[in-house]
Amino acid sequence: MESEESRSQLPGDEATAVEGTAEQLVARAIAPIKKEFLRPPPVRSSSADNEAAAAAAATNDNKNPAHPGSGLLKDKKSKRQLKRERRQEQKSARNLCPEVAKTGDVTSCPYKDKCRFSHDIEAFKAQKPADLEGQCPFVKSGGPCPYGLACRFSSTHEDGVPSSTGHLNGLKNPSEVNGLSKDVQKLLWKNKMRFSKADAKLKSLGLLGPKSKMKNLENKDGENGGSNKCSLSDDNGCCEVASDLGPKLEEAIKDDDADAKYETDELCPQKRRKTGVNCDPSEIEKGVNVTEEIERGSINTEPEAGCDTLTIKTDLSLKLHPREKKLIDFRDKLYLAPLTTVGNLPFRRVCKVLGADVTCGEMAMCTNLLQGQASEWALLRRHSSEDLFGVQICGAYPDTVARTVELIEQECTIDFIDINMGCPIDIVVNKGAGSALLTKPMRMKNIVEVASSTVDKPITIKVRTAYFEGKNRIDSLIADMGSWGAGSVTIHGRSRQQRYSKLADWDYIYQCGRKAPKTLPVVGNGDVFSFVDWNNHRTACPELATCMVARGALIKPWIFTEIREQRHWDISSGERLNILKEFVHFGLEHWGSDTKGVETTRRFLLEWLSYTCRYVPVGLLEVIPQRINWRPPSYYGRDELETLMASDSAADWIRISEMLLGKVPDGFTFAPKHKSNAYDRAENG
């Protein structure tokens, strides 16, 4: 997961900082911009800094209400009060009933007076902001607009208010899949979802039930563990879900253990051993479906006299071994990394247009998926243009991961499932997930083994070099990862402790790639920012299947075009603006064309702009290509728009968003989620 980075400011006297030859500047990680484009750093008022600090503090308080500096501690509201306020807000004129908005008919709502939303069309129109310029994205795509009167482009609708029929799984865009159905969500809420395949495999590996071997296995890693059954225990690793799932899940599993007959309760038939099924081997050679014949009764399953018998479970006898699964061919494919926040569906669509081959959804937490959180399931959505698509999940324990992959395979259309074992974020690591797993190789093995045995889709994993700096350990594990059931391994060339403070260690990635078995594709990841970087890594280590592009795609998504065409694209500001327009169009289709959807699109656009400002046009550099760790000094672009796009001020990012989405609401402020995106500052003035 590419989401954090430590970035330092240029020295206080920037005019002095950029003096020197191009080679000297590169050695100091300063972008060598041609002198005729350099300009003094902009002078920003202290009041602007204070406003930015306040905005950032407010953002942090919202993320962590229990923070000592949080103002929410004084006015903390109960859940009941928040729910009451939310209901009152829904009843306000600006929240028109979706059914009424779609049809323009007050009587169309099936809930009538019991509806939570307003039915006052005239009051809604009176307070609705002015329509935006351009055409409704849904109408432009040839379909009806699901937002009707609420659409910010309603004046462009044909025949007044186009009617819209709902789509499966609640998705308003028919070109998207992997939505969470209400029936499945209710089962997850009530802890009534059964995971027969996952629980059977967990039981066979001794990771579920009273005779669990988990404690002994975990003690090999030097930790105190217990049964991995999801119950209220801090020792078994499921404490992060216990508060929400409660003891009902434990009871459900006990009931399932008592009633269900697992495939793994029976002994697995050994190779070349008599099975007790009396069928002619020639029938198998002829292509006879033995399973169907057994069900029809054509084949006798009763044991012969004097024959050792083993009961065959149909699914088990036909299930592929993890190493026999069809693998994803990553060789030489352009792979867009799963990126937190900015790697959303509209951004992935932009990258697909610009040449990406493989895309992967944002990291989703297993416990949140198992709880049926709609916001987490939204991270799994897939667009029809994503022809080779995977989802990335993150979990700390085999049981949660196994049940999650079974649920995903059942409910989603995907090509592979990636398990994140390298996320460096504290909130993830403190729960034992992400890069914390690098300190527990036995748990890594259990997670991969049970996940790959539970589902038919390929299971891939993404790791860092190690948890602690200077204590690399992936090279000692990679030879066994294929036997665990991993379909491929992506190695990010940094340790968890290092974060992004240094360049990625590609020499170590090469070492791991050469040690890996030929059947296990290895993908390298870290600092790929040009086709030159791509070519160098592929040439230096042909054993690598491909290179994953992460932050390089955030800063310049046209990197995929550059790699395909093997050129440095001196892209103009107008072409860059067209890419942003395309993102906005895709965003309105995904998040909605009503006011809420417009502002959601704006927020994600601003998050992305906090990265794109780091790009320096090719025509302005004395040395090409640009390296990802270069800090650009203040410079003038070749036109006003290019100068605006180079600004690291949030106020200028907002100006760009207003060019595409209209004026921001009153009182609007923005602070990037990740400090690194804006050089540790985000001025709004």
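Residues numbered from 1 in each chain as written. Predicted model: local features only at pLDDT ≥ 70, side-chain atom pairs only at ≥ 80, totals over all residues. Heavy atoms only, no water.

On a plain count of helices and strands, the chain comes out with 30 helices and 11 strands. Taking all 685 residues of the chain together, the buried fraction comes to 54%. Restricting the contact set of the chain to residue pairs at least 6 apart, pairs at least 24 apart contribute 70%. Per element, the accessible surface of the chain, about 32000 Å² overall, is 49% carbon and sulfur. (Helix = DSSP H or I, 4+ residues; strand = E, 2+ residues; numbered from the N terminus. Buried < 20%, exposed > 50% of the residue type's maximum accessible area, 1.4 Å probe, protein only. Contact = heavy atoms within 4.5 Å. Areas by Shrake-Rupley, 256 points an atom, 1.4 Å probe, with all protein chains shown as cover.)

Attention shifts here to the packing of helix 21 (residues 441-454) against helix 22 (residues 474-484). Helix-helix packing is described using two parameters, namely the angle between the two axes and the distance between the axes. Packing of helix 21 against helix 22 brings their axes to within 9 Å, and their N-to-C directions diverge by 25°. When the interaxial angle is binned, helix 21 and helix 22 end up roughly parallel. Between helix 21 and helix 22 lies a crossing of right-handed hand. Contacts from P441, M444, K445, V448, E449 and S452 of helix 21 reach helix 22 at L477, M481 and W484. A per-class count over the contact of helix 21 with helix 22 returns 6 nonpolar, 1 polar and 2 charged. (Axes fitted to C-alpha atoms, helices over the stretch in contact; angles between N-to-C directions. Parallel < 35°, antiparallel > 145°, perpendicular 65-115°, else oblique. Left-handed = near helix turned anticlockwise from the far one by under 90°. Nonpolar A, V, L, I, M, F, W, Y, C, P; charged D, E, K, R; others polar.)

It is worth spelling out the pattern of salt bridges at this point. By the definition in use, this model includes 23 salt bridges. The salt bridge partner of R494 is D527, with a shortest N-O separation of 2.6 Å. One end of the pair, R494, is in the loop between strand 9 (486-492) and helix 23 (506-515); the other, D527, is in the loop between strand 10 (522-525) and helix 24 (531-540), with 33 residues separating them in the sequence. Each of the salt bridges in this network shares a partner with another, and the network as a whole consists of R494, D527 and R551. (Salt bridge = Lys/Arg side-chain N within 4 Å of Asp/Glu carboxyl O.)

Now for the confidence of the model for the chain. A low pLDDT means the predicted coordinates there should not be read in detail. Predicted confidence across the chain gives a mean pLDDT of 78, with 71% of residues reaching 70 or more. This stretch, residues 165-169, has a pLDDT under 50; its non-local contacts, to residues over four places away or in other chains, come to 6 contacts. Note that residues 676-685 has pLDDT below 50 and, in this model, 45 contacts with residues that lie over four places away or in other chains. (pLDDT = per-residue confidence, 0-100.)

We now examine a positive patch on the surface. A cluster of like positive charges, contributed by K83, R86, R87, R116, K182, K186, K190 and K192, occupies part of the molecular surface. Contributing elements (two or more residues each) for the positive patch: helix 4 (79-91) and helix 8 (182-189). Among the elements that take part in the positive patch, helix 4 stands out by supplying 3 residues, more than any other. Turning to its location among the elements, R86 is positioned in helix 4. Exposure remark for R86: the relative accessible area of 48% places this residue in the partly exposed category. (Patch = residues over 30% accessible without salt bridge, like charges linked within 9 Å, V, L, I, M, F, W, Y side chains within 5 Å. Lys, Arg positive; Asp, Glu negative; His and termini not counted. Charge placed at Lys NZ, Arg CZ, Asp CG, Glu CD.)

Here S495 lies in the loop between strand 9 and helix 23. With a relative accessible area of 0%, S495 lands in the buried category. In this structure the C-alpha to C-alpha distance between S495 and P424, which are 71 residues apart in sequence, comes to 8.6 Å.

A word on the side chain of E406. Following the sequence through the fold, E406 ends up in helix 19 (residues 398-411). Discounting chain neighbours no more than four positions away, the residues touching E406 are R194, F195, S196, K197, A198, T454 and V455.

In this model, helix 27 (residues 573-591) (19 residues) spans 26 Å end to end at C-alpha, consistent with the 27 Å of a helix rising 1.5 Å per residue. Just beyond helix 27, the residue with positive phi is G592, at close to 115°. (Expected span 1.5 Å × (residues − 1).)

The terminal C-alpha atoms of helix 19, which comprises 14 residues, lie 20 Å apart, in line with the 20 Å expected from a rise of 1.5 Å per residue. A large share of helix 19 lies buried, amounting to 11 of its 14 residues. Those residues of helix 19 that sit buried are P398, D399, T400, V401, A402, R403, T404, V405, E406, L407 and I408.

This brings us to the packing of aromatic side chains. Tallying each qualifying case throughout the model produces 12 aromatic pairs. Aromatic side chains W591 and F604 sit 4.5 Å apart centroid to centroid with 0° between the ring planes, which places their arrangement in the stacked category. Separated by 13 residues along the polypeptide, W591 in helix 27 and F604 in helix 28 (residues 595-612) bring together distant segments of the chain. By relative accessible area, F604 is classed as partly exposed at 22%. (Phe/Tyr/Trp six-rings, centres within 6.5 Å; stacked < 30°, edge-to-face > 60°.)

This part takes up the packing of helix 19 against helix 21. Two numbers describe how helix 19 lies on helix 21: the axes approach to 9 Å, and their chain directions differ by 25°. Taken together, the axis directions place helix 19 and helix 21 in an arrangement best described as roughly parallel. Our pair here, helix 19 against helix 21, has a crossing hand that is right-handed. Residue-level contacts link P398, V401, A402, V405, E406 and E409 of helix 19 to R443, N446, I447, V450, A451 and T454 of helix 21. In the contact of helix 19 with helix 21, the residues fall into 7 nonpolar, 2 polar and 3 charged.

The step from I624 to P625 runs through a cis peptide bond, and the omega angle for that step is 5°. Secondary-structure assignment places P625 in the loop between helix 28 and helix 29 (640-645). Within the chain, T341 stands out as a residue other than glycine whose phi angle is a positive 70°. With respect to the secondary-structure elements, T341 resides in the loop between strand 2 (335-336) and helix 16 (345-353). Exposure remark for T341: the relative accessible area of 6% places this residue in the buried category.

Another point: the pairing of strand 6 (residues 389-394). In terms of burial, strand 6 is a largely internal element, 6 of the 6 residues being buried. Residues F389, V391 and I393 line one face of strand 6 and the alternating positions G390, Q392 and C394 line the opposite face, and both faces are buried. Across 2 bridges, strand 3 (residues 359-360) lies against strand 6 in parallel orientation. Bridging across to strand 6, T359 finds its partner in F389. (Pairing = 2+ DSSP bridges.)

Here the focus is the pairing of strand 7 (residues 416-421). With respect to burial, strand 7 is a largely interior element, 6 of its 6 residues being buried. Across the two faces of strand 7 the burial is the same, with F416, D418 and N420 and I417, I419 and M421 all buried. Where strand 6 and strand 7 come together, 4 bridges link them in parallel fashion. Paired with V391 across the bridge in strand 7 is I417.

Right, let's talk about the environment of W558 for a bit. Secondary-structure assignment places W558 in the loop between helix 25 (551-555) and helix 26 (559-565). For W558 and C351, which are 207 residues apart along the polypeptide, the C-alpha to C-alpha distance reads 7.4 Å. Every residue in contact with W558, bar those within four places of it in the chain, is listed here: L354, W569, I571, R576, I579 and Y615.

Our next topic: the environment of D507. With respect to the helices, strands and loops of the structure, D507 is situated in helix 23. Since its relative accessible area comes to 59%, D507 is described here as exposed. When the C-alpha positions of D507 and A540 are compared, they lie 9.1 Å apart, and in sequence the two are 33 residues distant.

This part is about the state of the cysteines. Counted according to the given criterion, the structure contains 0 disulfides. Here C151 is not disulfide-linked; the sulfur of C136 is the nearest cysteine sulfur, at 3.8 Å. With a relative accessible area of 0%, C151 lands in the buried category. C512 forms no disulfide, and the closest cysteine sulfur to it belongs to C541, at a distance of 9.6 Å. On the accessibility criterion, C512 (0% relative accessible area) is buried. (Disulfide = S-S within 2.5 Å.)

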